[in-house]
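Residues per chain are reported as follows:
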Amino acid sequence: MKITQNVRRKIIQVAAFGFTNSHITNFVGGKIYRGSWKQFCSPGLNCYSCPAAGLGCPIGAMQAVEGSPKFGVSFYMIGFVLALGVLFGRAICGYVCPFGLIQELLHKIPSPKLHLPKPLTYVKYAILAVFVLLLPAVMMDKYGIGAPAFCEYICPAGTLEAGLPILLTHPELRMQLGGIFLLKAAILVVTIVGCILVCRCFCKVMCPLGAIYGLLNKISFYGLRVERAGCVSCGKCRQICPMDVDPVTNPNSAECIRCGKCAAACPQKVIRLGFAMSVSQIKSE
């Protein structure tokens, strides 16, 4: 039996989720794995403090190093993320991001399904600039350590994967809850509702990691190639796209997660997903 592109992608997503969160038994006692693997980061968004997490989070690591009094810029993390972006673009979001899989599962809950206005997709770039790059560098405590602003004030993945499980197993921490947790809990609720109604709502609106990978979609070696001469303009690829992209007119859109649904839906098979020999090849086809 031939495995379809969608099934293949789901297998990769589940495998990546399991590899990134391999310490499931830690949920019982609310422990956090702190072994040697934590010095490496998951390519996708996954909270460092999640009890099951065996890898770190690239956004959290970028903020931690940037906010350190000893380091001004996280060259290691920036290089890691940029290298992945140049190779794969937002295919990272579509295949190996743990929180991306969670969003897709939420969207399967029966409900009306909506589409977001395009201007909202630019919010994630503002979040990247302000909460990931700017605030950790300027919001210093008395020890000269910068605040991990995105993780501390926004990240719904952290609240879901780490905050809630740890609070459930550590009752002594519940007495210390304050306004910041209420803010993050509210953001989590809005994110969950948004993902039920809109496919990958967090990816589209709030994810700073997706913003970085999206900026590199136009030059990534892994991408969509469209043979426009054979296109019959049926619109099926545009209708099935979970990220509201028109693959024919904009195959290198910053929103495209390279899921391959457009290629599978194309009756003429003029959309292909894979590595190009060069960036110009992707752009010209």
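Residues numbered from 1 in each chain as written. Predicted model: local features only at pLDDT ≥ 70, side-chain atom pairs only at ≥ 80, totals over all residues. Heavy atoms only, no water.

*Asks:* Tell me what's going on with the nonpolar core, and back it up with residues and numbers.
*Replies:* Side chains of a nonpolar character, in soluble globular proteins, are inclined to be buried together. Formed by 42 residues in total, the largest nonpolar core has its most connected members in L45, I59, F150 and F202. Taken together, the elements giving at least two residues each to this core come down to α3 (58–66), α4 (75–88), α5 (91–95), α6 (98–107), α7 (123–138), α11 (179–197), α12 (201–205) and α13 (208–215). The contact partners of L45, leaving out residues within four places of it in the chain, are C57, I59, C97, P98, F99, C155, A157, F202, C207 and L209. Formed by 10 residues, the second largest nonpolar core is a distinct cluster that contains V226, V248, A263 and V270. (Core = buried A, V, L, I, M, F, W, Y, C linked by side-chain atoms within 4.5 Å. Buried < 20%, exposed > 50% of the residue type's maximum accessible area, 1.4 Å probe, protein only. Helix = DSSP H or I, 4+ residues; strand = E, 2+ residues; numbered from the N terminus. Contact = heavy atoms within 4.5 Å.)

*Asks:* Any chance you could break down a nonpolar patch on the surface for me, citing the residues and the numbers?
*Replies:* The grouping of F19, W37, F40 and Y76 at the surface amounts to a nonpolar patch, some 490 Å² of accessible area in total. By secondary structure assignment, the location of W37 is in the loop between α2 (26–29) and α3. Looking at W37, the relative accessible area reads 48%, which means it is partly exposed. (Patch = residues over 30% accessible without salt bridge, like charges linked within 9 Å, V, L, I, M, F, W, Y side chains within 5 Å. Areas by Shrake-Rupley, 256 points an atom, 1.4 Å probe, with all protein chains shown as cover. Salt bridge = Lys/Arg side-chain N within 4 Å of Asp/Glu carboxyl O.)

*Asks:* Describe in detail the confidence of the model for the protein chain, supporting the description with residues and values.
*Replies:* Averaged over the protein chain, the pLDDT score is 90; the fraction of residues at 70 or greater is 92%. Across residues 277–285, confidence stays below pLDDT 50; counting only partners more than four residues off in sequence or on other chains, it has 19 contacts. (pLDDT = per-residue confidence, 0-100.)

*Asks:* Account for α6, with residues named and values stated.
*Replies:* Most of α6 is tucked away: nine of the 10 residues are buried. Looking only at α6, the buried set comprises P98, F99, G100, L101, I102, Q103, E104, L106 and H107. If you follow the buried residues of α6, they end up packed against α1 (5–20), α9 (156–169), α11 and α12.

*Asks:* So what about the packing of α7 against α13? Which residues, and what values?
*Replies:* In contact at an axis separation of 8 Å, α7 and α13 are set at 115° when each is read in the N-to-C sense. When the interaxial angle is binned, α7 and α13 end up roughly perpendicular. As α7 runs across α13, the sense of the crossing is left-handed. Taken together, the residues of α13 that come into contact with α7 (itself represented by K124, Y125, L128 and V132) are P208, A211, I212 and L215. When the residues that make up the contact of α7 with α13 are grouped by side-chain class, the tally is seven nonpolar, no polar and one charged. (Axes fitted to C-alpha atoms, helices over the stretch in contact; angles between N-to-C directions. Parallel < 35°, antiparallel > 145°, perpendicular 65-115°, else oblique. Left-handed = near helix turned anticlockwise from the far one by under 90°. Nonpolar A, V, L, I, M, F, W, Y, C, P; charged D, E, K, R; others polar.)

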